[in-house]
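Take a look at the letters that make up each chain.
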Amino acid sequence: LLGARDVVISPAGLHVYVVSETDHAVAIFARDATTGELDFRAVVRQGDVQGSEVVTGLFGAVAGDVSSDGEHLYVAGAQDDAVAVFSRDPTSGLLMFRQVVREGDAVPPAGIVDGLEGAADVLVSPDDDDVYVAGEADGAIVGFVRTSGSKCSPAGIGNVLDTVSITAGGSLTY
């Protein structure tokens with residue numbers, strides 16, 4: 001857990017995720033709801049192979065958030081200029097890599113992703129409809145729509161909403 005930067009608890013309170021900037025990883029713990037005691041379960045690292053997928057987007061991982069439906073964990077990778085998307089097993093808490101969205105990626109029909117440089121934080125909206133990522137180096141917030149009937153595509157992210165730039169004076173530009 002070198003460089004632990006963020007701690008995220010699943011909505012049911014049964015799992016804890018620790019985001020590590022130095023290890024480029026997410027550590028997974030089971031949590032006893034009565035005592036709060038943690039039991040290490042696994043770690044997912046940049047470069048791990050899960051099935052036919054290679055985990056990416058965790059280089060410089062600094063922040064995470066779990067959707068309130070408990071289906072997905074989103075991780076901001078500052079050095080990857082990216083957000084990594086994982087599906088969660090609600091029973092075990094284990095993660096399966098689904099997608100990475102990076103600065104400069106083409107995301108049809110929205111266009112080119114802009115605003116993720118130095119991805120510094122990630123937040124899922126309370127209604128689970130949107131995911132917001134702060135791009136510190138871009139001075140921007142990028143919004144993504146979670147799509148499909150369950151509000152989530154199999155990957156977890158749908159279309160880019162917009163990029164918001166925050167100027168030194170605090171005003172927003174689109």
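This section reports on the structure supplied with the text. Just so you know, these numbers come straight off a predicted model, no measurement behind them.

**Some words on the overall build of the protein chain**
Along the protein chain, the regular secondary structure elements total 0 helices and 17 strands. In the protein chain, which comprises 174 residues, the share counted as buried stands at 45%. By sequence separation, contacts in the protein chain at least 24 residues apart represent 36% of the contacts at least 6 residues apart. Of the roughly 8100 Å² that the protein chain leaves accessible, carbon and sulfur atoms contribute 54%.

**Observations regarding the packing of aromatic side chains**
The tally for this structure, following the rule as stated, stands at 2 aromatic pairs. When the ring of phenylalanine 29 is compared with that of phenylalanine 40, the centres are 5.6 Å apart and the planes differ by 70°; the resulting orientation is edge-to-face. Pair noted here: phenylalanine 29 is in strand β3 (residues 25-31) and phenylalanine 40 is in strand β4 (residues 38-45), with a separation of 11 residues, a long-range link. Accessibility expressed as a relative area gives 12% for phenylalanine 29, which makes it buried. Judged by its relative accessible area of 47%, phenylalanine 40 falls in the partly exposed class.

**Things to note about the pairing of strand β13 (residues 119-124)**
Summarising the sheet, β13 and strand β14 (residues 130-135) pair through 5 bridges and their orientation is antiparallel. Note that in β14 the partner of valine 122 across the bridge is valine 133. If you look at the hairpin formed by β13 and β14, you'll find 5 residues sitting between the two strands, and aspartate 128 has a positive phi there, around 65°.

**Some thoughts on the pairing of β4**
Pairing analysis gives 7 bridges linking β3 to β4, with the strands arranged antiparallel. Looking across to β4, one finds that phenylalanine 29 is bridged to phenylalanine 40. Taking the residues that link successive antiparallel strands as the turn, the β3-β4 hairpin has 6 residues, and the phi of glycine 36 there is positive, at about 80°.

What counts and how
Residues numbered from 1 in each chain as written. Predicted model: local features only at pLDDT ≥ 70, side-chain atom pairs only at ≥ 80, totals over all residues. Heavy atoms only, no water. Helix = DSSP H or I, 4+ residues; strand = E, 2+ residues; numbered from the N terminus. Buried < 20%, exposed > 50% of the residue type's maximum accessible area, 1.4 Å probe, protein only. Contact = heavy atoms within 4.5 Å. Areas by Shrake-Rupley, 256 points an atom, 1.4 Å probe, with all protein chains shown as cover. Phe/Tyr/Trp six-rings, centres within 6.5 Å; stacked < 30°, edge-to-face > 60°. Pairing = 2+ DSSP bridges.

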